[in-house]
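The chain contents come next:
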Amino acid sequence: PFNFTPIAFDLRTIVRSFFLHPSNLNDLIGNVVFFLPFGFGLARLSRQRGFNYSGVILITAFLSSALSLTVETLQLFLPSRSSSVIDICTNTTGGVLGTISYLIGRAKILVNH
C-alpha cells in the first residue's frame with residue numbers, strides 16, 4: 001500500500017516550483033484566515049509585555065513570516081504538498097491583520113469605557 005520509491009532531489013526544480021507555484025483564490029483567503037488568530041494572540045501577548053503598537057506589528061510580521069517559512073520549508077519534503085512564496089506572504093498578511101484587528105478592537109474598548 002505504500003510507495004517507498006525515493007523521490008529524485010533536484011534543487012533547481014524545488015526552488016523553481018517554490019517561486020512559480022500558482023495559488024487559487026481559496027488558498028489565498030484560507031492562508032490569510034488561518035493566521036488571523038496567530039496574529040491576534042501574539043498581539044495580546046506582546047501588549048501584555050509592554051510593547052508599543054509598532055513593535056507589536058513588527059514582532060507579529062517577523063514571527064508570522066518565520067513560522068510560515070518553516071511550514072513551507074517542511075512541505076518541500078511532503079510529496080502531497082506544495083510550497084510557495086505566495087503562501088508566506090499571505091500567511092504573514094493574515095498574522096498582521098490579526099494584530100491590527102486586536103489593536104483596533106482594544107482601542108475601541110478602551111475608548112468606550
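Residues and numbers for the environment of G95, please.
Note that G95 resides in helix α4 (residues 85-112). Separated by 30 residues in the primary sequence, G95 and S65 place their C-alpha atoms 8.5 Å from one another. In this view, G95 contacts F35, G39, T60 and S64; residues no more than four positions away in its chain are not counted.

Let's hear about the packing of aromatic side chains: which residues, and what values?
Per the counting criterion, the structure on display carries three aromatic pairs. Geometrically, the ring pair formed by F34 and F35 is edge-to-face, given 5.6 Å between the ring centres and 65° between the ring planes. F34 sits in the exposed class, given a relative accessible area of 63%. Residue classification places F35 among the buried positions, given a relative accessible area of 4%. Judged by centre distance (5.1 Å) and plane angle (90°), the ring pair of F40 and Y102 falls under edge-to-face.

Definitions and cut-offs
- Within every chain, residues take consecutive numbers counted from 1 along the sequence as written.
- Reporting in this predicted model follows two pLDDT cut-offs: at least 70 for local features of residues, and 80 or more for side-chain atom pairs to be given and counted; totals over whole chains, interfaces and linings ignore these cut-offs and use all residues.
- To obtain the side-chain values, all non-hydrogen atoms of the structure were included, while hydrogens and water were left out.
- Going along the chain from the N terminus, every DSSP run of H or I of four or more residues is numbered as a helix, and every run of E of two or more is numbered as a strand.
- Working rule for contacts: check all heavy atoms of both residues, and any pair within 4.5 Å makes them a contact.
- Pairing of aromatic rings covers Phe, Tyr and Trp, the last counted by its six-membered ring, and requires centre-to-centre distances within 6.5 Å; plane angles under 30 degrees mean stacked, over 60 mean edge-to-face, and any other angle means tilted.
- Burial classes follow relative accessibility: with a 1.4 Å probe on protein chains only, a residue under 20% of its type's maximum area counts as buried, one over 50% as exposed, and anything between as partly exposed.

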